[in-house]
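Summary of the model geometry
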Amino acid sequence: MYTLYYGKGGASMAIHAALKEIGVPYELVEVDLEGGQQRSPEYLRLNPDGRVPTMVVEGKPLREAAGLMMILADRHPDSGLAPQSGTLAHAEWTELMMWMVYNLAVPFREWFYPSDIGCSKDQPAVMDALRKKIETGFSALDARLSAGGPYLLGEQFSGADLMLTMYMRWSRNMPRPATEWPALKKYADMMRARPSWRHVNEVEALTGW
Ligand SMILES: N[C@@H](CCC(=O)N[C@@H](CS)C(=O)NCC(=O)O)C(=O)O
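Below or above, wherever it landed, is the structure these notes cover. (Residues numbered from 1 in each chain as written. Predicted model: local features only at pLDDT ≥ 70, side-chain atom pairs only at ≥ 80, totals over all residues. Heavy atoms only, no water.)

Details of the packing of aromatic side chains
Overall, the coordinates contain eight aromatic pairs when judged by the stated rule. Three or more aromatic residues joined by ring pairs form one cluster here, namely Phe-108, Phe-112, Phe-138, Tyr-167, Trp-170 and Trp-181. Here the guanidinium or amino end of Arg-109 rests over the ring plane of Tyr-113, the centre of that ring lying 3.8 Å away. (Phe/Tyr/Trp six-rings, centres within 6.5 Å; stacked < 30°, edge-to-face > 60°. Lys NZ or Arg CZ within 6 Å of the ring centre and 35° of its normal.)

Considering the nonpolar core
Judged by nonpolar contacts, the single largest core of 61 residues is most densely connected at Met-69, Phe-138, Leu-162, Met-163 and Leu-164. For Met-163, the residues in contact, after removing those within four places along its chain, are Ala-14, Ala-65, Ala-66, Met-69, Met-97 and Met-100. The next biggest cluster of nonpolar side chains, apart from the first, holds five residues, and it includes Tyr-5, Val-31, Val-52 and Val-56. (Core = buried A, V, L, I, M, F, W, Y, C linked by side-chain atoms within 4.5 Å. Buried < 20%, exposed > 50% of the residue type's maximum accessible area, 1.4 Å probe, protein only. Contact = heavy atoms within 4.5 Å.)

Let's talk about unusual backbone geometry
Phi is mostly negative for residues that are not glycine, and the peptide bonds are mostly trans. Cis geometry marks the peptide bond from Val-52 to Pro-53, where omega comes out at 5°. Here Pro-53 is to be found in the loop between α2 (41-46) and β3 (54-57). A cis amide bond links Gly-149 with the next residue in sequence, Pro-150, at an omega value of 5°. A positive phi angle is found at Glu-64, which is not glycine, with a value near 80°. The backbone of Ala-205 shows a phi angle near 50°, a positive value even though the residue is not glycine. You can call Ala-205 exposed: its relative accessible area is 53%. (Helix = DSSP H or I, 4+ residues; strand = E, 2+ residues; numbered from the N terminus.)

A few points about the site of the ligand
Taken together, 13 residues form the shell around the ligand, and within it Gln-38, Val-52, Glu-64, Arg-109 and Tyr-113 come nearest. Taking Gln-38, its side chain carries an N or O atom lying 2.8 Å from an oxygen atom of the ligand. Glu-64 has a polar side-chain atom sitting 2.7 Å from a nitrogen atom of the ligand. When the free accessible area of the ligand is taken as 510 Å², the share hidden by the protein chains comes to 83%. Counted by class, the shell around the ligand contains six nonpolar, three polar and four charged residues. (Near = heavy atom within 4 Å. Polar contact = N/O pair within 3.5 Å; in protein donor to acceptor, adjacent residues only side chain to side chain. Areas by Shrake-Rupley, 256 points an atom, 1.4 Å probe, with all protein chains shown as cover. Nonpolar A, V, L, I, M, F, W, Y, C, P; charged D, E, K, R; others polar.)

As structure tokens, then:
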């Protein structure tokens, strides 16, 4: 049994959807991010960064969304979250997961929390640079999907698609949302219809995407 500590629409979303894809039993615990529950002493004991997600695996609290996706893929090799371990396709998946961490997850974190890098949202040069980095990431993935979709790995769905769908959702109120790239728009429409994604939206009571 896994326990997922999640915040509505947060970096826990892809992991929530992955648990649903796998079909294992899991417990959900909501962390009230707006109320600051992530900084409570109890939560900091589970996740010293004070962020979501945290997933408790066999009693061990683990963090970092991309890492958790890799852990779930490894523990559930038949789930379809990753190609078979040891294959070239799996190597490509690992590369893609890490590429998205550095090119999307990190600038997104800084876009939403510029204080992490000692800045504020009132610094247009900083915010423009972060936005540009995110948009460059989306452009590269739009080109990748145009060249060979419908999923990031071509014909094969994987947990990387849940990660990208989550990152894309975060851009919905940005100056250029991910859905403004044609291949990403088509991809978003496909992924938003996926039962696991719809389930997460329902359970987390999300609106707007
Ligand atoms: N690198 C972490 C980042 C997680 C993260 O930034 N989570 C946000 C929600 S999307 C959070 O917990 N924010 C609350 C805070 O930082 O106070 C991951 O990918 O898991």
